[in-house]
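Coordinate analysis (summary)
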Amino acid sequence: TQLLEQSPQFLSIQEGENLTVYCNSSSVFSSLQWYRQEPGEGPVLLVTVVTGGEVKKLKRLTFQFGDARKDSSLHITAAQPGDTGLYLCAGPFIWGSNYKLTFGKGTLLTVNP
Amino acid sequence: GAGVSQSPSNKVTEKGKDVELRCDPISGHTALYWYRQSLGQGLEFLIYFQGNSAPDKSGLPSDRFSAERTGGSVSTLTIQRTQQEDSAVYLCASSLVIGGVTEAFFGQGTRLTVV
C-alpha cells in the first residue's frame with residue numbers, strides 16, 4: 001500500500017518559473033519531511049514539518065503542512081537549474097518501538113536554463 | 001566516518017552470481033534501511049532494521065534477497081543468483097529518533113550492474 005502519493009511525477013520547467021509539488025495521504029502523520037536527491041547522490045533532508053498548518057521557508061523554497069496533517073506541499077519561487085533533482089516526501093509509520101520512515105515515489109524536477 | 005558509508009560504490013557481476021553489498025551506518029543510529037532505485041525512479045523499500053526488533057522484510061522482492069545487521073551496526077545485503085532485473089542503485093540509510101522526529105541519512109549507494 002502506497003501511503004504517500006506525490007504529484008506530479010515529472011515536471012520540466014524553464015528557469016525563473018514558479019512551481020508547486022504535492023504530497024498527499026489518507027493517513028495522519030506526526031510529521032512530514034522533504035528530501036532532495038541530486039544525480040549520483042543519496043537523498044538529503046531539506047525540512048521537517050511537525051505542526052498542522054505550519055509553513056517553513058528555506059530561501060526560495062516554501063513548505064506547508066496541511067491543517068489535518070495528511071498532506072504537504074513544496075513551492076519553489078523563481079526556479080534555477082540547481083533546483084533540478086528528485087523531491088521526495090517522507091513520513092513516519094510508528095508501531096511499538098519502531099519508527100519507520102515511508103517515502104513517496106517522488107517528483108522528478110528538471111529546470112531548464 | 002561521519003556519514004553512511006556503502007561499499008562497493010560500483011559492482012558489475014555476471015548473471016547467476018551472488019553479490020554482497022555493505023553498509024556502515026552512522027555510529028549510534030538504531031535504525032537502518034535498504035532501498036533500491038532504478039534510473040529516474042523513486043525509492044523502493046527493501047528492508048528496515050530497528051534496534052533488537054525483528055526486521056521488517058516486507059519489501060524484499062524475492063527469496064534471493066536477504067539482509068543482516070550484525071551487532072546493531074554494519075549491514076550486508078545479499079543477492080543470490082543475480083538476474084538482469086536486479087540491476088539498480090542500492091541505497092542504505094540510517095536514522096535515530098530524537099524528540100519524536102527522525103532524519104534519514106543516506107549513503108551514496110552501490111550501483112549494481114548484472115550482465
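Residues numbered from 1 in each chain as written. Chains lettered and ligands numbered in written order. Predicted model: local features only at pLDDT ≥ 70, side-chain atom pairs only at ≥ 80, totals over all residues. Heavy atoms only, no water.

With respect to the overall build of chain A
Scanning chain A from N- to C-terminus turns up 0 helices and 11 strands. Secondary structure elements of chain A, listed N to C terminal, follow the sequence β-β-β-β-β-β-β-β-β-β-β. In terms of overall size, chain A behaves like a compact globule, its C-alpha atoms giving a radius of gyration of 14 Å where 113 residues would be expected to give roughly 13 Å. Dimensions along the principal axes, computed over C-alpha positions, put chain A at roughly 50 × 30 × 20 Å. Residues classed as buried in chain A amount to 46% of the 113 residues present. The long-range fraction of contacts in chain A, counting pairs at least 24 apart against all pairs at least 6 apart in sequence, stands at 53%. Total accessible area on chain A stands at roughly 5,400 Å², and carbon and sulfur atoms take up 51% of it. If the 9 positive side-chain charges of chain A are averaged to one point and the 9 negative ones to another, these points end up 7 Å apart. (Helix = DSSP H or I, 4+ residues; strand = E, 2+ residues; numbered from the N terminus. Rg over C-alpha atoms; globule rule 2.2 N^0.38 Å. Buried < 20%, exposed > 50% of the residue type's maximum accessible area, 1.4 Å probe, protein only. Contact = heavy atoms within 4.5 Å. Areas by Shrake-Rupley, 256 points an atom, 1.4 Å probe, with all protein chains shown as cover. Lys, Arg positive; Asp, Glu negative; His and termini not counted. Charge placed at Lys NZ, Arg CZ, Asp CG, Glu CD.)

Here's the deal with the pattern of salt bridges
Summed over the entire model, instances satisfying the criterion amount to 7 salt bridges over all chains. In this structure, Arg60 of chain A engages Asp83 of chain A in a salt bridge whose closest nitrogen and oxygen atoms are separated by 2.9 Å. Taken as a pair, Arg60 of chain A in the loop between strand E6 (55-58) and strand E7 (61-65) and Asp83 of chain A in the loop between strand E8 (71-76) and strand E9 (85-95) lie far apart in primary sequence, 23 residues in all. Residue class for Arg60 of chain A comes out partly exposed when judged on its relative accessible area of 25%. The exposure class of Asp83 of chain A is buried, given its relative accessible area of 4%. The partner of Lys100 of chain A in a salt bridge is Asp56 of chain B, with the nearest N and O atoms 2.7 Å apart. Remark: Asp56 of chain B occurs in the loop between strand E5 (44-50) and strand E6 (65-69) and Lys100 of chain A occurs in strand E10 (residues 98-103); the pair is interchain, linking two chains. The class for Lys100 of chain A is buried, based on a relative accessible area of 10%. In this structure Asp56 of chain B comes out as buried when scored by relative accessible area, which is 14%. (Salt bridge = Lys/Arg side-chain N within 4 Å of Asp/Glu carboxyl O.)

Digging into the interface of chain A and chain B
Contacts between the two partners involve 23 residues from chain A and, on the opposite side, 23 residues from chain B. Counting each side, the surface lost to burial between chain A and chain B is near 1,900 Å², with a carbon and sulfur contribution of 54%. Along the contact surface separating chain A from chain B lie 1 salt bridge. The tally of links between chain A and chain B comes to 9 residue pairs in polar contact (both at pLDDT 80 or more). When residues of the side of chain A that touches chain B are traced back to their parent elements, those giving at least two are strand E4 (32-37), strand E5 (44-49), E9 and E10 of chain A. Among the residues forming the side of chain A that touches chain B, the class breakdown is 12 nonpolar, 8 polar and 3 charged. (Buried area = accessible area lost by both parts, 1.4 Å probe. Polar contact = N/O pair within 3.5 Å; in protein donor to acceptor, adjacent residues only side chain to side chain. Nonpolar A, V, L, I, M, F, W, Y, C, P; charged D, E, K, R; others polar.)

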